[in-house]
Structure formats: structure tokens, C-alpha cells
Amino acid sequence: MSPARKSLNPAQMTLGEVAEAIGMSAYMVRMSRAKSEAHPFFRKAFKTGTGRNSPLRWWRADVDDYLREISGRGIGGAA
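Residues numbered from 1 in each chain as written. Predicted model: local features only at pLDDT ≥ 70, side-chain atom pairs only at ≥ 80, totals over all residues. Heavy atoms only, no water.

Draft legend 1. Focus on the overall build of the protein chain. For the protein chain, the count of helices and strands is three helices and three strands. Against the 2.2 N^0.38 benchmark of 12 Å for 79 residues, the protein chain shows a C-alpha radius of gyration of 12 Å, consistent with a compact globule. With the C-alpha coordinates of the protein chain rotated into their principal frame, the extents come out at 35 × 30 × 25 Å. Scored against the burial criterion, the 79 residues of the protein chain give a buried share of 33%. In the protein chain, 36% of the contacts between residues at least 6 apart in sequence involve partners at least 24 apart. (Helix = DSSP H or I, 4+ residues; strand = E, 2+ residues; numbered from the N terminus. Rg over C-alpha atoms; globule rule 2.2 N^0.38 Å. Buried < 20%, exposed > 50% of the residue type's maximum accessible area, 1.4 Å probe, protein only. Contact = heavy atoms within 4.5 Å.)

Draft legend 2. Main features of the environment of Ala21. Structurally, the position occupied by Ala21 is in helix H1 (residues 15–22). Sequence spacing of Ala21 and Val63 is 42 residues, and the spatial spacing of their C-alpha atoms is 8.2 Å. Those residues within four positions of Ala21 in sequence are excluded, and the remaining contacts are Met13, Val63 and Leu67.

Here is the structure:
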């Protein structure tokens, strides 16, 4: 697996970074955004541009909160 592309803003995470952090494929993260029964975390993504294909980003704090909720540990496994 290739390393995830990093966000230029340290407060944000790319789709690849999020997928890697939560242990899912980028495809499954994108599909979870469309499921109404999925955790609200997945719908917290935002686009950095106005185009249909603008990249998705998540706030690092939201990713950390989600990981703590589901596993008790934050990004990088920190308790």
C-alpha cells in the first residue's frame, strides 16, 4: 500500500490519511459518507474547492474524536 498523500494544512487530513488512520480503504470511507446509517463522522468531510472532484478533507480533531469513541485511542494509538 502506498503512503497516503498528506494535507498541506496540519489541522486537516486527506481521504488517504483518514482511511489509513481508521483502518479502512479510501473507497469504503467514501461509501460510508453516503450511507444514512453510518457514523456521523463520515459526513463531516468537506471539500477544499468548488469543483465536483475537489479533494475531501476532515479536521484532524474530528478524526481523533472518532477514533477515541470507537477504540478508546486517538490518532497514532495515543490514549
